[in-house]
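Breakdown of the fold
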Number of protein chains: 2
Amino acid sequence: MAETSEKERRILVAVDEGEESMYALSWCVNNLVFENSKDTLILLYVKPPRAVYSAFDGTSYLFSSDITATMDKYSQQVAESVLEKAKRLCNNIQNVETKIGNGDARDVICEMVQKLNADILVMGSHGYGPIKRAFLGSVSNHCAQNVKCPVLIVKKPKDA
Amino acid sequence: MAETSEKERRILVAVDEGEESMYALSWCVNNLVFENSKDTLILLYVKPPRAVYSAFDGTSYLFSSDITATMDKYSQQVAESVLEKAKRLCNNIQNVETKIGNGDARDVICEMVQKLNADILVMGSHGYGPIKRAFLGSVSNHCAQNVKCPVLIVKKPKDA
């Protein structure tokens, strides 16, 4: 693998508020990224579309510009805080970039893989039980089916 | 990653007759396995259940013992030939083991991950177009959802 470590791989890691994505990132840092390599780790956080904030009953509402501005600010703060936490897990890696996307995570992740020319996509699986799997697991399933690069899906062990 | 290369990881790679699984194996050898590490690469080939040989129209037939013996022999030869080809792709790796399983690939791969205490499962995705994806992609989907260790799904690029 001596030759490989000379490659400049672009490793895209999708992170979110969940512990599983942070576990996936740690796993990636420990098992996939070379400490002194030219690998670039790109941390991607996807902000959900605005309607989601108000769509608890499946509908959405019209908000005043004050409220939407507050929500946008909050959403940006969450994004920055997640990426900050993620970056702390990568302190041995020389090249770390962060990106914030906007929209349906499934679509944004697939688009970013292509746009950023990623060589690998790393993500948590978001699903243990059958119900979680059916709903939340769809992000990693969708990406695994739709991106062209290799996809690494990491589950957080129950005892980790 | 210096510390990590000291780990003895058990990397299970599911291989079959298709070019995609050989591509997945090469990718794994070049991107995941350390040349001088204690990593063990386990190559797994799963022989389909016997009924499949005769189930082209969805039914199965009863065969004489001569015919089933011939079919079993052929199936074993295919397995050995695939594993031989796979081993040639791993000639830089010190620890390579081979395993032959029997049955539905989805179940056997998941069982083997657990039985062999694999740290990572690597497999091809078996699917580009929507039809291939719906049918054949189900092996990698199923495994990604059901095994507990990280799963790496590698697609063969169209130009590779």
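Small disclaimer: the values here were computed from a predicted structure and weren't measured.

Details of the side chain of Arg 9 of chain B
Tracing the sequence through the fold places Arg 9 of chain B in the segment before strand S1 (10-15). Look at Arg 9 of chain B and you get buried, because its relative accessible area is 3%. Polar side-chain contacts of Arg 9 of chain B include one of 3.0 Å to the side chain of Asn 31 of chain A. Of the polar contacts made by the side chain of Arg 9 of chain B, one reaches the backbone oxygen of Leu 32 of chain B; its length is 2.5 Å.

Brief notes about the environment of Leu 121 of chain B
All names here are of chain B. Along the polypeptide, Leu 121 turns up in strand S4 (residues 120-124). By relative accessible area, Leu 121 is classed as buried at 0%. Sequence spacing of Leu 121 and Arg 10 is 111 residues, and the spatial spacing of their C-alpha atoms is 8.9 Å. Excluding residues that lie within four positions of it along the chain, Leu 121 makes contacts with Leu 12, Ile 109, Val 113, Cys 143, Val 147, Cys 149, Pro 150, Val 151 and Leu 152.

What about helix H1 (residues 19-31) of chain A?
Think of an α-helix as turning once every 3.6 residues; residues three or four places apart then point the same way. Given a rise of 1.5 Å per residue, 13 residues ought to cover 18 Å, and the 18 Å separating the end C-alpha atoms of H1 of chain A matches this to within 8%. Residues Glu 20, Ser 21, Met 22, Ala 24, Leu 25, Trp 27, Cys 28, Val 29 and Asn 31 of chain A constitute the buried set of H1 of chain A. Taken together, the buried residues of H1 of chain A touch strand S1 (10-15), strand S2 (40-47), helix H2 (65-88), strand S4 (120-124) and strand S5 (151-154) of chain A together with S4 of chain B.

Details of the sheet that holds strand S3 (residues 95-102) of chain A
Strand order in the open sheet made by the 10 strands is S3(A)-S2(A)-S1(A)-S4(A)-S5(A)-S5(B)-S4(B)-S1(B)-S2(B)-S3(B), with mixed pairing throughout. Strands at the two margins of the open sheet, each flanked by one partner only, are S3 of chain A together with strand S3 (95-102) of chain B. In this sheet, neighbouring strand axes are inclined to one another by 20° on average, regardless of whether the strands run parallel or antiparallel. Where S5 of chain A and strand S5 (residues 151-154) of chain B come together, 3 bridges link them in antiparallel fashion. When the sheet's bridge partners are listed, Ile 153 of chain A is paired in S5 of chain B with Val 151 of chain B.

Brief notes about the nonpolar core
By size, the foremost hydrophobic cluster in this structure holds 50 residues, and its most contacted members are Leu 41 and Val 122 of chain A together with Leu 41 and Val 122 of chain B. When neighbours within four sequence positions are excluded, Leu 41 of chain A is seen to be in contact with Ile 11, Val 13, Leu 25, Cys 28, Val 29, Val 33, Cys 90, Ile 93, Asn 95, Val 96 and Glu 97 of chain A. Val 139 and Ala 144 of chain A together with Ile 42 and Ala 144 of chain B belong to the second-largest nonpolar core, a separate cluster that totals 42 residues.

What about the pairing of S1 of chain B?
All names here are of chain B. Burial analysis of S1 places 5 of its 6 residues in the buried class, which makes it a mostly covered element. Sheet analysis places S1 next to S4, joined by 3 bridges and oriented parallel. Bridging from a neighbouring strand, Val 13 pairs with Val 122 of S4.

Focus on the pairing of S4 of chain B
The side chains of a regular strand alternate, first on one face of the sheet and then on the other. Residue and element names in this part refer to chain B. The element S4 is largely enclosed, with a buried count of 5 among its 5 residues. Side chains Ile 120, Val 122 and Gly 124 of S4 all project onto a buried face; the interleaved residues Leu 121 and Met 123 project onto the opposite face, where all are buried too. Relative to S5, S4 runs parallel, the two being bridged by 4 bridges. Opposite Met 123, over in S5, you have Ile 153 as the bridge partner.

Thoughts on the pattern of salt bridges
Residues and elements named next belong to chain B. A complete count under the given rule lists 6 salt bridges over all chains for this structure. In this structure, Arg 9 engages Asp 39 in a salt bridge whose closest nitrogen and oxygen atoms are separated by 2.8 Å. One end of the pair, Arg 9, is in the segment before S1; the other, Asp 39, is in the loop between helix H1 (19-31) and strand S2 (40-47), with 30 residues separating them in the sequence. In this pair, the class of Arg 9 matches that of Asp 39, namely buried. One salt bridge in this structure joins Lys 156 and Glu 19, with 3.4 Å as the shortest N-O distance. Separated by 137 residues along the polypeptide, Lys 156 in the segment after S5 and Glu 19 in helix H1 bring together distant segments of the chain.

Rules and cut-offs
- Residues numbered from 1 in each chain as written.
- Chains lettered and ligands numbered in written order.
- Predicted model: local features only at pLDDT ≥ 70, side-chain atom pairs only at ≥ 80, totals over all residues.
- Heavy atoms only, no water.
- Helix = DSSP H or I, 4+ residues; strand = E, 2+ residues; numbered from the N terminus.
- Buried < 20%, exposed > 50% of the residue type's maximum accessible area, 1.4 Å probe, protein only.
- Polar contact = N/O pair within 3.5 Å; in protein donor to acceptor, adjacent residues only side chain to side chain.
- Contact = heavy atoms within 4.5 Å.
- Expected span 1.5 Å × (residues − 1).
- Pairing = 2+ DSSP bridges.
- Axes fitted to C-alpha atoms, helices over the stretch in contact; angles between N-to-C directions.
- Core = buried A, V, L, I, M, F, W, Y, C linked by side-chain atoms within 4.5 Å.
- Salt bridge = Lys/Arg side-chain N within 4 Å of Asp/Glu carboxyl O.

This is a description of form; function is not addressed.
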